Amino acid sequence: MSNIQQRCGHSFTWIFLFLVLLLLIIPLVLGDCTCEEDKEEPGDKSLAVKYKVAALASILVASAIGVSIPMLGKTFPALRPEKDFFFIIKAFAAGVILSTGFIHVLPDAFDKLTSPRLSDHPWGDLPFTGFVAMISAIGTLMVDSLATAYFNKSHFKDKDQVVADEEKVEQVHGDHLHLHTHATHGHAHGSIPSTDLLRHRVISQVLEIGIVVHSVIIGISLGASESPKTIRPLIAALTFHQFFEGMGLGGCIYQAKFKIKAVIIMALFFSLTTPVGIAIGLAITGAYDENSPTALIVEGILNAASAGILIYMSLVDLLAADFMNSRIQGSGRLQFGASVSLLLGAGCMSLLAKWA
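Predicted, not measured: the structure shown is a model, and the values here were computed from it.

Scanning the protein chain from terminus to terminus reveals 11 helices and zero strands. Across the protein chain, helices and strands are ordered from the amino to the carboxyl terminus as α-α-α-α-α-α-α-α-α-α-α. Out of the 356 residues in the protein chain, the part that is buried amounts to 45%. Look at the contacts in the protein chain between residues 6 or more apart in sequence, and 85% of them connect residues 24 or more apart. Carbon and sulfur atoms make up 67% of the accessible area of the protein chain, which amounts to about 18,100 Å² in all.

Right, here's the structure in full:
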């Protein structure tokens, strides 16, 4: 059985590498294609709508697959959190998320909040993009800390209550129930989440908030665009983006060990955000002006806040937590592999900034 599991793990490794290369090559091909059929007019609305529908379907499928892959640990042993390959995949996904914050979201926020269409006062008086990103990162730290403290207190309160209840039963009913309660003592405590589990649950929920905010903005911007030349390369670039961002989030959800209902809700919520954003963009194409002062301010502030969340979460809760883990610290080979995977993920996502 161990040989079969090992073969499955190796097979999945090659499948993963193939997907990375495939998703990286597609935008290169689409971005540089100069074939006759692609010489569309900038304002060809019917062709733009077709591209938007294709983008909606492609991104929905890629998001669903990406967020689901880490949850297949029971089927593919290589994807279990205790396996080395899980750390490699998670480092790659964290690199994608880090690059998303630094290379994609933050510069876009700078462009919008420093646009000449905005008045000099107050938007020219203060570097609002960096300020909002900083406040967002600090706010994420506070939410992270307060939520963890709250769940920890609830955890220990429940634990103390279980012990107190057991002691009362022992005192009232004597030795027979004394033995019974000790027999079930481990079961009662086993139902209470550990501190590490609580941390993973907080991380997965806060990370999803940061991802969802910028995913909706991306979807609305793409859906509202009427230029096929702008939309076409974005299809492949955002498909790649959502696939690997989903893998990062899916890994956190898997480690949090939520109940199946919560897992499905979180996976669906992530998978649907960008497609829903595209649908909203399609619906408001005629009325939405992405260059209006209001749109620039709203998108700029939301992007800056999203960037702060993503940068904090990727560096502190994903990369620092894993790279300081005793498993990676004790293995030079795994540390090297995780570092290469991190650089590869960040590099691939940074390269996509040419198209998206």
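Next, the rest of the story.
One pair of aromatic rings is described through two measures. These are the centre distance and the angle between the planes. Scanning all chains against the criterion turns up two aromatic pairs. Taken together, a centroid distance of 6.5 Å and an interplanar angle of 45° make the contact between Phe 86 and Tyr 254 tilted. Of the two residues, Phe 86 is situated in helix 3 (residues 84–113) and Tyr 254 in helix 7 (residues 228–256); the sequence distance between them amounts to 168 residues. Exposure remark for Tyr 254: the relative accessible area of 17% places this residue in the buried category. Seen from their ring centres, Trp 123 and Phe 128 are 4.8 Å apart, and the 55° between their planes marks the pair as tilted. Trp 123 gets classed as buried once you look at its relative accessible area, which sits at 19%. Over the ring of Tyr 254 we find Lys 257; its NZ or CZ atom is 5.7 Å from the centre of that ring.

On to the side chain of Ser 306. Mapped onto the elements, Ser 306 comes out in helix 9 (residues 293–323). Dropping the residues within four chain positions of it, Ser 306 is found in contact with Val 105, Gly 210, Val 213 and His 214.

Moving on, we get to the nonpolar core. Leu 207, Phe 244, Met 247, Ile 253, Met 313 and Leu 318 are the most contacted members of the largest nonpolar core, which has 54 residues in total. For this core, the elements supplying multiple residues, two or more each, are helix 2 (45–68), helix 3, helix 6 (195–224), helix 7, helix 8 (260–283), helix 9 and helix 11 (332–351). Of the residues forming this core, the biggest block, 13 residues, is contributed by helix 3. Once you skip the residues sitting within four places of it in the chain, Leu 207 turns out to touch Ile 97, Leu 249, Cys 252, Leu 310, Met 313 and Leu 318. Ala 48, Ala 55, Ile 235 and Ile 278 belong to the second-largest nonpolar core, a separate cluster that totals 11 residues.

Between helix 6 and helix 8, whose axes approach to 6 Å, the crossing angle comes to 20°. As the angle between them shows, helix 6 and helix 8 are arranged roughly parallel. Handedness of the crossing formed by helix 6 with helix 8: right-handed. Of the residues in helix 8, those touching helix 6 at Ser 204, Gln 205, Glu 208, Ile 211, Val 212, Ser 215, Val 216, Gly 219, Ile 220, Leu 222, Gly 223 and Ala 224 are Met 266, Phe 269, Phe 270, Thr 273, Thr 274, Gly 277, Ile 278, Ile 280, Gly 281 and Leu 282. The residue inventory of the contact of helix 6 with helix 8, partitioned by class, reads 12 nonpolar, nine polar and one charged.

As annotated in UniProt, the feature "transmembrane region" (unreviewed entry) corresponds to residues 55–73, 85–106, 126–151, 263–288, 300–321 and 333–353 in the numbering used here. Strand forms 0% of residues 263–288 and helix 81%; the C-alpha atoms that close the span are 34 Å apart.

A cluster of nonpolar side chains, Leu 126, Phe 131, Met 134, Ile 135, Ile 138, Met 142 and Leu 146, forms an exposed patch at the surface whose accessible area comes to about 650 Å². If you trace the backbone, Met 142 turns up in helix 4 (residues 128–173).

What follows is about the pattern of salt bridges. Inspection of every chain in the model, using the stated rule, returns five salt bridges. In this structure, Asp 322 engages Lys 90 in a salt bridge whose closest nitrogen and oxygen atoms are separated by 3.6 Å. Taken together, the positions of Asp 322 in helix 9 and Lys 90 in helix 3 put the pair 232 residues apart, joining distant regions of the chain. Using a relative accessible area of 11% as the deciding quantity, one classes Asp 322 as buried.

Moving on, we get to helix 7. Between its first and last C-alpha, helix 7 extends 41 Å over 29 residues, near the 42 Å set by a 1.5 Å rise per residue. A bend of about 30° at Ile 235 is the largest found in helix 7. Buried residues dominate helix 7, accounting for 27 of its 29 residues. Phi turns positive one or two residues past the end of helix 7, at Lys 257, with a value near 55°.

Once that is clear, we can look at unusual backbone geometry. Cis geometry marks the peptide bond from His 121 to Pro 122, where omega comes out at 10°. Tracing the chain through its elements places Pro 122 in the loop between helix 3 and helix 4. The phi dihedral of Lys 257 falls on the positive side, at around 55°, and the residue is not glycine. Among the secondary structure elements, Lys 257 is positioned in the loop between helix 7 and helix 8. The exposure class of Lys 257 is exposed, given its relative accessible area of 54%.

The rules behind these values
- Residues numbered from 1 in each chain as written.
- Predicted model: local features only at pLDDT ≥ 70, side-chain atom pairs only at ≥ 80, totals over all residues.
- Heavy atoms only, no water.
- Helix = DSSP H or I, 4+ residues; strand = E, 2+ residues; numbered from the N terminus.
- Buried < 20%, exposed > 50% of the residue type's maximum accessible area, 1.4 Å probe, protein only.
- Contact = heavy atoms within 4.5 Å.
- Areas by Shrake-Rupley, 256 points an atom, 1.4 Å probe, with all protein chains shown as cover.
- Phe/Tyr/Trp six-rings, centres within 6.5 Å; stacked < 30°, edge-to-face > 60°.
- Lys NZ or Arg CZ within 6 Å of the ring centre and 35° of its normal.
- Core = buried A, V, L, I, M, F, W, Y, C linked by side-chain atoms within 4.5 Å.
- Axes fitted to C-alpha atoms, helices over the stretch in contact; angles between N-to-C directions.
- Parallel < 35°, antiparallel > 145°, perpendicular 65-115°, else oblique.
- Left-handed = near helix turned anticlockwise from the far one by under 90°.
- Nonpolar A, V, L, I, M, F, W, Y, C, P; charged D, E, K, R; others polar.
- UniProt positions renumbered as here; feature names shortened; annotations may be inferred.
- Patch = residues over 30% accessible without salt bridge, like charges linked within 9 Å, V, L, I, M, F, W, Y side chains within 5 Å.
- Salt bridge = Lys/Arg side-chain N within 4 Å of Asp/Glu carboxyl O.
- Expected span 1.5 Å × (residues − 1).
- Bend = angle between axes of the 7 residues up to and from the residue.

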